[in-house]
Amino acid sequence: MAQDPVWIDYEDRFAEAYRRFAEAEFGRECYQAEQSYIDWLYKENPNSEGYRDFSIGVAGDRVIGCIHKMYLP
């Protein structure tokens, strides 16, 4: 039986699980899986509220979904 995801704010401890998810969904070497993209979107963007703008669906130790929010001035 499939486990329903729990939606949480992204945390660095999920970096590898998120990378695997992103590559499975968007293709190998996709920009969505790059740490530099996540840093740019959530750490360097002055309009971001950090990882509060990055939700991941977690089932056990797997990331099975994501919601990216990007605020622009």
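For the structure, see preceding data.
Reference entry: report on the structure contained in this document. (Residues numbered from 1 in each chain as written. Predicted model: local features only at pLDDT ≥ 70, side-chain atom pairs only at ≥ 80, totals over all residues. Heavy atoms only, no water.)

## Looking at the sheet that holds strand E2 (residues 54-59)
Next up, step 1: Spatial ordering of the open sheet is given by E1-E2-E3, a layout of three strands whose pairing is antiparallel. In the strand order of this sheet, the two ends are held by strand E1 (6-9) and strand E3 (62-68), each with one partner. Within the sheet, the average angular offset between the axes of one strand and its neighbour, ignoring direction, is 30 degrees.
Next up, step 2: Running at roughly 75 degrees to E3, helix H1 (residues 15-26) makes contact with E2 and E3 of the sheet. (Pairing = 2+ DSSP bridges. Helix = DSSP H or I, 4+ residues; strand = E, 2+ residues; numbered from the N terminus. Axes fitted to C-alpha atoms, helices over the stretch in contact; angles between N-to-C directions. Contact = heavy atoms within 4.5 Å.)

## What to know about H1
Next up, step 1: Look at H1: 16 Å from first C-alpha to last across 12 residues, which is about the 16 Å you get at 1.5 Å a residue.
Next up, step 2: For H1, the full list of buried residues reads Ala-17, Tyr-18, Phe-21 and Ala-22. Each buried residue of H1 lies within a common arc of 130 degrees when the element is viewed along its axis, so the set occupies one face.
Next up, step 3: In the segment just after H1, Gly-27 is the residue with positive phi, at about 105 degrees. (Expected span 1.5 Å × (residues − 1). Buried < 20%, exposed > 50% of the residue type's maximum accessible area, 1.4 Å probe, protein only. Arc of directions from axis to C-beta.)

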